[in-house]
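# Close look at the chain arrangement
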Amino acid sequence: MSRPGRRARDLGIVVGSLPTGPHNAITDVPGVLVGHTTVDDGADLHTGVTAIVPSGLGPGRWTLPAAVYTGNGHGKLVGSTQVDELGVLESPVVLTATLSVFRAADALLGHLMERRPDGLSFNPLVGETNDGHLSDIRRRPITEEHVLAAVAGATDGLPVEGCVGAGAGTTALGYKAGIGTSSRTIRTDGGTRTVGALVQSNFGGVLTALGVPLPVDELVPAADRTEPPGNSCMIVVATDVPLDARQLRRLARRAVFAMARVGASFSTTSGDYAIAFTTSDQPPIPDGAIDPVFAAVLDAVEEALLNSLFTAVTTTGVGGRTSHAVPHRAAVERLAAAGRLTARPYA
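Below you will find a few notes about this structure. (Residues numbered from 1 in each chain as written. Predicted model: local features only at pLDDT ≥ 70, side-chain atom pairs only at ≥ 80, totals over all residues. Heavy atoms only, no water.)

### Looking at the overall build of the protein chain
- Along its length, the protein chain carries seven helices and 16 strands.
- Relative to the compact-globule value of 20 Å for 347 residues, the protein chain shows a C-alpha radius of gyration of 19 Å, a close match.
- Seen along its three principal axes, the alpha-carbon backbone of the protein chain occupies a region of about 55 × 50 × 35 Å.
- Of all 347 residues assigned to the protein chain, the portion counted as buried reaches 58%.
- A separation of at least 24 residues holds for 79% of the contacts in the protein chain among residues at least 6 apart in sequence.
- As displayed, the protein chain offers around 12800 Å² of accessible surface, 52% of which is attributable to carbon and sulfur atoms.
- Charged side chains of the protein chain number 28 positive and 33 negative; the gap between the two group centres comes to 5 Å. (Helix = DSSP H or I, 4+ residues; strand = E, 2+ residues; numbered from the N terminus. Rg over C-alpha atoms; globule rule 2.2 N^0.38 Å. Buried < 20%, exposed > 50% of the residue type's maximum accessible area, 1.4 Å probe, protein only. Contact = heavy atoms within 4.5 Å. Areas by Shrake-Rupley, 256 points an atom, 1.4 Å probe, with all protein chains shown as cover. Lys, Arg positive; Asp, Glu negative; His and termini not counted. Charge placed at Lys NZ, Arg CZ, Asp CG, Glu CD.)

Structural data, given as structure tokens:
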């Protein structure tokens, strides 16, 4: 790996005008925690687990209103059909690599069974993207211990981003990518509410920031060109806005829409999914009040996607293949020339 990454806002790249939460992260939503376990041997393994843990799930409240939207179903999102059918989430959301998703689901099932010894049915929700470009995915290195460590270690601070957890080996828009997060606060139903997003980026297209294309062919002319054009993106949206499952599906749909803002190609082999849930137990707001929530989702997901790339570092993996980090100075110069920056970190 090379130099440490920087968040988009550190480079003067500000998406929209809505304010962020204190961490500008999904953990700004009260009761939402994030944990990672990274499996990285510096050579052929660059993979891991990321867990989004609603701390309110427990005795007295074993489900939260939730929805899943499938932008393109070329993926293995374990547990999604029951969320669709019943409109509730009953587990942490775990992200990992494609061929490890089933081991991760079994591990999460064990976690749920331990918490509810009298239960006879459980629905672990586990998503994935394919990190086989940089990691020896067929080794399926993820174990129960990795999953349980990510869940148990989840905290409410600023999550680590970039090449960590489920994003250790991912590549998106031609560059090294990983985990990214962001949040927005809005006024609705008489108070201030938060919308947060976390993404696992691993999809094709041309990186675009604030409407300005940043193609890898131009910014890193010597970049590896062997990456397949597809792969996937997992998006998790959390909020404390009171919403029902139908409204949350509308949020999830807009989360996938936000991928277009950063240049996603939405190819045939890209499994693009969004999961949305609320921690609120209040009656849902009327549809007439939901537009600010939609705006918050679009902006938070867009910035989370940018953070997933700008915080990543150049990584060489299995077979000697390399995914290059976005060159910050070159990107900033191009954005400054287009008049899109709020600051000039390299001036």
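### Describing the packing of aromatic side chains
- Per the counting criterion, the structure on display carries zero aromatic pairs.
- The positively charged end of R254 is found above the aromatic ring belonging to F294, 3.7 Å away from the centroid. (Phe/Tyr/Trp six-rings, centres within 6.5 Å; stacked < 30°, edge-to-face > 60°. Lys NZ or Arg CZ within 6 Å of the ring centre and 35° of its normal.)

### Concerning the sheet that holds strand β6 (residues 125–129)
- Strand order in the open sheet made by the four strands is β1-β2-β5-β6, with mixed pairing throughout. Edge strands, defined here as strands with exactly one partner in the open sheet, are β1 (32–40) and β6. Across the sheet, the axes of successive neighbouring strands diverge by a mean angle of 15°, strand direction being ignored.
- Of the strand pairs in this sheet, β1 and strand β2 (residues 46–54) are connected by nine bridges, and their pairing is antiparallel. In the strand pairing of β2, H36 is matched with T50.
- Across the sheet, helix α2 (residues 101–115) touches β5 (93–97) and β6, and the angle it forms with β6 is around 160°. (Pairing = 2+ DSSP bridges. Axes fitted to C-alpha atoms, helices over the stretch in contact; angles between N-to-C directions.)

### Some remarks on the sheet that holds strand β14 (residues 270–278)
- Here we have six strands laid out as an open sheet, ordered β4-β3-β14-β13-β10-β9, and mixed in their pairing. The open sheet has two free edges, formed respectively by β4 (88–89) and β9 (179–188), since each of these has just one partner strand.
- The strands that helix α5 (residues 245–257) touches are β3 (64–72), β13 (231–239) and β14; relative to β3, the one it contacts most, it runs at about 35°.
- Along the sheet, helix α6 (residues 291–310) makes contact with β9, β10 (191–202) and β13, crossing β9 at roughly 160°.

### Looking at the state of the cysteines
- This structure, assessed with the given rule, holds zero disulfides.
- Note on C163: no disulfide assigned, nearest cysteine sulfur contributed by C233 at a separation of 15 Å. (Disulfide = S-S within 2.5 Å.)

### As for the environment of L125
- The topology assignment puts L125 in strand β6.
- By relative accessible area, which is 1% here, L125 ends up buried.
- In this structure the C-alpha to C-alpha distance between L125 and L173, which are 48 residues apart in sequence, comes to 26 Å.
- Excluding residues within four positions of it along the chain, L125 makes contact with L77, V78, G79, S80, V83, L89, S91, P92, V93, V94, L108 and I275.

### A short note on α5
- Taking 1.5 Å per residue, 13 residues should reach 18 Å; α5 reaches 19 Å between its end C-alpha atoms and fits that length.
- The complete set of buried residues in α5 reads Q247, L248, L251, A252, R254, A255 and V256.
- Next to the buried residues of α5 lie β3, β13, β14 and α6.
- At the N-terminal boundary of α5, the capping side chain belongs to D244, with an oxygen 3.2 Å from the backbone nitrogen of R246. (Expected span 1.5 Å × (residues − 1). Polar contact = N/O pair within 3.5 Å; in protein donor to acceptor, adjacent residues only side chain to side chain.)

### What about unusual backbone geometry?
- Not every positive phi belongs to a glycine, and N24 is a case in point at roughly 50°.
- Tracing the backbone through its elements, the reader meets N24 in the segment before β1.
- Residue N24 is classed as buried on the basis of its relative accessible area, which comes to 7%.
- Of note, F266 is a non-glycine position whose phi angle comes to about 50°, a positive value.
- With respect to the helices, strands and loops of the structure, F266 is situated in the loop between α5 and β14.
- Classification of F266 by relative accessible area gives partly exposed; the value is 37%.

### Brief notes about the pattern of salt bridges
- Using the criterion set out here, one finds nine salt bridges in the structure.
- Residue D287 pairs with R246 through a salt bridge whose shortest N-O separation is 3.0 Å. Taken together, the residues span a long stretch of sequence, with D287 in the loop between β14 and α6 and R246 in helix α5 at a distance of 41 residues.
- Residue classification places R246 among the partly exposed positions, given a relative accessible area of 46%.
- Of the charged contacts in the structure, one is a salt bridge between E302 and R261, with a shortest N-O distance of 2.8 Å. One end of the pair, E302, is in helix α6; the other, R261, is in the loop between α5 and β14, and 41 residues separate them in sequence.
- Classification of R261 by relative accessible area gives partly exposed; the value is 33%.
- Among the ionic contacts, a cluster of salt bridges with common partners joins R9, R184 and E303. (Salt bridge = Lys/Arg side-chain N within 4 Å of Asp/Glu carboxyl O.)

### Observations regarding the side chain of S270
- If you trace the backbone, S270 turns up in strand β14.
- A polar contact of 2.7 Å, which involves the side chain of S270, links it to the side chain of D272.

By themselves, these observations are geometric and do not establish any function.
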